[in-house]
Structure formats: C-alpha cells, structure tokens
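Chain and residue survey
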Amino acid sequence: MPLLEFDAKEQQLVTLAEDFVGLHEIGNSNRSPMIDLWQRKLFNAEGWPWCLVFVQALVRMVDRQYDASHLMCSTFRHGLPETAHVMTLWDHLKDYALPSPRPGSLWILNRIGTDSGHVRVVKGYMGGGSIEAIEGNSNAAGSRNGGEVTMGPRSYNGTGALKTMGFVPVWR
C-alpha cells in the first residue's frame, strides 16, 4: 500500500498532532482545560467524546499558521464540515476517499453496528498492514474513548470493534 505525496499543510498537521501526544483528560470525563477550550470554542460544549474535536482544533491551528505566513490565501482552507460526529464527517467526505493512506490524511473508523466512529491522523505507513497514527481520546490499545492523545501503530483493518471506512484528505 504505497503512500501518496503530501503537502506542507498535511505535514504541519502531523507535526502539530505529535506536539499533543500525552495530553490526558481528567479521569474518564472527556474533559481537561485544553479539551474544554477546544470544545467550547468549536462547538459551545463540554464533556463530549473528543477525537474529532482534537482534529478540528488542529486543522484550524494549521490554517491560522498557514494564513499568517501566506498572506491569508483562502484557497487553502480545509474542507471539513463543522461537526464533532465522526460518521457525519465520513458521510460528507467519503466521495474524496483516498486509494491509500497518506501522512496528514484522516483515517475514519466506524464502531461496528453503530453510528459512532473514531478518527485518527495518519503519520505513516509502516508495512504489513500497519499504519502509524496519532489520535485524540484513545489509549495504547486503540480505544475510541481512551482519554489521551496517543501515537503508535494500528492495524489497517481496525482495532477491536472499530472498522476502517477509509482515508480522506483535509485539504482539497
């Protein structure tokens, strides 16, 4: 499964996501000062499952960094719908699905038998069906509600009850 080339914004997304590895929520509350800030700023909420909130916050940070250094070039804005629900994101972006994962793309997973999902940022393909990913609200086992930002190898086929739906670009 070869990787496709990726652009500077996708690299920034991966680099920024790596900076948050180790961020933990307090207890099993889906809350911390940083997580609460993201949720309030983006969705006027607190305490929601936050894997996609993490991604939405990162994407906006990358856009702000890019705009500041590239004279507010709005043609490079992201194409993500304003949602914290992963399967709604997938419904909006599935027509843009990539033939294979690439660094900086979003890895969309569905919790089998539900309308719930999980999202990961692809860092790289490791071979043998393993993809290195960075994800919010996960843990070392790859849970979709694990309470921290993690980075590590994950099986292309999914983890536990999570099934891969596809990989989508943030910027098109």
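Structure: see above.
One structure accompanies this document, and this report is about it. (Residues numbered from 1 in each chain as written. Predicted model: local features only at pLDDT ≥ 70, side-chain atom pairs only at ≥ 80, totals over all residues. Heavy atoms only, no water.)

**Side note on the sheet that holds strand S4 (residues 148–155)**
Taken in spatial order, the five strands make up an open sheet running S4-S3-S2-S1-S5, and their pairing is antiparallel. Bordering the open sheet on either side are S4 and strand S5 (162–168), each of which pairs with just one other strand. Adjacent strand axes in the sheet meet at a mean angle of 35°, parallel and antiparallel pairs treated alike. Sheet analysis places strand S2 (residues 117–127) next to strand S3 (residues 130–138), joined by five bridges and oriented antiparallel. Following the sheet pairing, Gly127 is matched in S3 by Ser130. Sheet strands touched by helix H1 (residues 8–19): strand S1 (106–111), S2, S3 and S4. Its angle to S2, the strand with the most contacts, is close to 110°. Docked against the sheet, helix H4 (residues 86–93) engages S1, S2 and S5, running at close to 120° with respect to S1. (Pairing = 2+ DSSP bridges. Helix = DSSP H or I, 4+ residues; strand = E, 2+ residues; numbered from the N terminus. Axes fitted to C-alpha atoms, helices over the stretch in contact; angles between N-to-C directions. Contact = heavy atoms within 4.5 Å.)

**Overview of the pattern of salt bridges**
Side chains carrying opposite charge are able to pair once their charged atoms draw close together. Applying the stated criterion to the full structure yields 10 salt bridges. For Arg31, the salt bridge identified is with Glu46, shortest N-O distance 2.7 Å. One end of the pair, Arg31, is in the loop between H1 and helix H2 (33–43); the other, Glu46, is in the loop between H2 and helix H3 (51–69), with 15 residues separating them in the sequence. On the accessibility criterion, Glu46 (36% relative accessible area) is partly exposed. Measuring nitrogen to oxygen at the nearest pair gives 2.7 Å for the salt bridge that ties Arg154 to Glu135. Placement of the pair is Arg154 in strand S4 and Glu135 in strand S3, with a sequence separation of 19 residues. Of the residues examined, Arg154 reaches a relative accessible area of 8% and is grouped as buried. On the basis of relative accessibility, which here comes to 1%, the residue Glu135 falls in the buried class. Residues joined in a network through salt bridges with shared partners are Arg31, Asp36, Arg40 and Glu46. (Salt bridge = Lys/Arg side-chain N within 4 Å of Asp/Glu carboxyl O. Buried < 20%, exposed > 50% of the residue type's maximum accessible area, 1.4 Å probe, protein only.)

**Considering H1**
With 12 residues, H1 extends 17 Å between its outermost C-alpha atoms, agreeing within 8% with the 16 Å of an ideal straight helix rising 1.5 Å per residue. Lys9, Glu10, Leu13, Val14, Leu16 and Ala17 are the residues of H1 that are buried. Down the axis, H1 shows its buried residues gathered within 170° of arc, on one side only. Those residues of H1 that are exposed and angled more than 90 degrees off the buried face are Ala8 and Asp19. Between a side-chain oxygen at the N-terminus of H1 and the backbone nitrogen of Lys9 the separation is 3.2 Å; the capping residue is Asp7. (Expected span 1.5 Å × (residues − 1). Arc of directions from axis to C-beta. Polar contact = N/O pair within 3.5 Å; in protein donor to acceptor, adjacent residues only side chain to side chain.)

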